[in-house]
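# Reading the structure
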Amino acid sequence: MLVELPLPDHFRGFAAVVENDGGTTYPAICRGVADDDDVLSLLDGAPLPQRRPLLLLAAVHYLILAGAQHPLAAYYDTVAAVRGRPFEPPGGDPTPVFADFCRSHRDALTVLAATRSTQTNEVGRCSALMPGLCHVATEHGRAEPIALLDLGTSAGLNLLFDDYAYTYRARDGDDVIQAGTRGSAVALECTVRGDPAALPELRTPAVSARVGLDLAPLDATSDDEALWLLACQWPDNPVRFGRLRAALENRRASTDPPRLERGDMVTDLHRVAATVGQREPLVVFHSWVAAYLDEAQQRALATAVRTLGATRPVHHLYLEAPFETPGLEAPPSPEPHQGPDLATALVHVGPGGEATRLADAHPHGYWIRWWPPSRPR
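Quantities reported herein were computed from a predicted structural model and do not represent experimental measurements.

What follows deals with the packing of aromatic side chains. Summed over all chains, the structure comprises four aromatic pairs. Measuring from ring centre to ring centre gives 6.1 Å for Phe14 and Trp234, while their planes differ by 85°; the resulting arrangement is edge-to-face. With a gap of 220 residues between them, Phe14 in helix H1 (residues 7-20) and Trp234 in the loop between helix H9 (223-231) and helix H10 (238-253) connect regions that are remote in the sequence. For Phe14, a relative accessible area of 14% corresponds to the buried category. Exposure remark for Trp234: the relative accessible area of 7% places this residue in the buried category. Here the basic side chain of Arg52 rests over the ring of Tyr292, its NZ or CZ set 4.9 Å away from the ring centre. Note that Arg240 overlies the ring of Trp234, its terminal NZ or CZ placed 4.9 Å from the centroid.

Quick look at the structure:
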């Protein structure tokens, strides 16, 4: 949901989000520059939906990964990984070094902020999407393949979900479930909260077609566009960074890559969906993209997906934060809690139009809590 908060509040809020996920570099920088009008003005030329901290942080990260020589690079362990060097953090507050980088590279950063968009393509979310797609396939008895349409697809990496290796571990106990492609370089680890037996059968569904739709799809075979995707990662999370590098290499090696279409996920949905498969079940899915739409656009998206079902079975599967997406139906979590619903929910709207909250999950796929069908929704 687009909320026109003052930029300083956006930066402080993003600091808390990253800190809660174990990051330290971006929280220090975001709090340090939250009241620096000179730094924040670099986002003045960005479209409103993109006027967020991660766009500026990614632009800086991109220039450093591309080889910009500046002391700030020493604070980013992702730079050390790309350059094949051990990471030796310098210590101290990175904020003044970051601000100096922004001043010395102002022209380049201004252009990047005006012309690029945040593109995370977080493959870790496949840890939640995989069981969701298995659930859909099981509903159809697995007698026929499913066709996939990924909205906000970025480089289309999540469309290759079945190329990845999955390990689901019980939070309390030794239960381990493995799925996907064993031995894949893209290895996703996910902790299961609750009973692992509640997960659906994790047998990879047959897929007949894979298409992605994005306003600005990225070409994973382009060194520059792949570098931008990497730059949208946080610099002190080498696990996420490494698995994205592996996913990009997997996409480059693919002999049957997904087809990516340029267009709006609402107004171009019917045009693109008409080219995805034939009459087999169509799964329209997306993850952490609807938050960039306002509430009216979110409702229009839900309606557009629903009306696709006039000629074939259509499933709407989305991994979104209900707090950010009030225009999408999200039944309440079976686990009582106080305050707003801040979880990331995996929701399935089937051909009959009924919405089911299948699971709650970490935004980057580190954990999942699958809700058994017998639990009230």
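What follows continues from the structure just given.
Once that is clear, we can look at the nonpolar core. If you look at the biggest cluster of nonpolar residues, it comprises 91 residues, and the most contacted ones within it are Val60, Tyr76, Phe98 and Tyr164. In terms of residues, this core owes the most to one element, helix H4 (residues 53-65), which gives eleven residues. Apart from residues lying up to four places away in sequence, Tyr164 is in contact with Val123, Cys126, Leu157, Ala179, Gly180, Thr181, Ser184, Val186, Leu188, Ala247 and Asn250. Counting 21 residues, the second largest nonpolar core, distinct from the first, contains Ala209, Leu213, Val276 and Val284.

This part is about the pairing of strand E7 (residues 282-287). With six of its six residues buried, E7 lies for the most part within the structure. Of the two faces of E7, the one lined by Leu282, Val284 and His286 and the one lined by Val283, Phe285 and Ser287 are each fully buried. The pairing of strand E1 (residues 146-151) with E7 spans four bridges and is parallel. Looking at E7, one finds that Asp150 is bridged to Phe285.

Our next topic: the packing of H4 against helix H6 (residues 95-104). Contact geometry of H4 with H6 gives a least axis separation of 11 Å together with a crossing angle of 80°. Put simply, H4 runs roughly perpendicular to H6. Facing H4, whose interface residues are Leu56, Leu57, Val60, Leu63 and Ile64, H6 presents Phe98, Phe101 and Cys102. Here the residues of the contact of H4 with H6 sort into eight nonpolar, no polar and no charged.

Conventions adopted
- Residues numbered from 1 in each chain as written.
- Predicted model: local features only at pLDDT ≥ 70, side-chain atom pairs only at ≥ 80, totals over all residues.
- Heavy atoms only, no water.
- Phe/Tyr/Trp six-rings, centres within 6.5 Å; stacked < 30°, edge-to-face > 60°.
- Helix = DSSP H or I, 4+ residues; strand = E, 2+ residues; numbered from the N terminus.
- Buried < 20%, exposed > 50% of the residue type's maximum accessible area, 1.4 Å probe, protein only.
- Lys NZ or Arg CZ within 6 Å of the ring centre and 35° of its normal.
- Core = buried A, V, L, I, M, F, W, Y, C linked by side-chain atoms within 4.5 Å.
- Contact = heavy atoms within 4.5 Å.
- Pairing = 2+ DSSP bridges.
- Axes fitted to C-alpha atoms, helices over the stretch in contact; angles between N-to-C directions.
- Parallel < 35°, antiparallel > 145°, perpendicular 65-115°, else oblique.
- Nonpolar A, V, L, I, M, F, W, Y, C, P; charged D, E, K, R; others polar.

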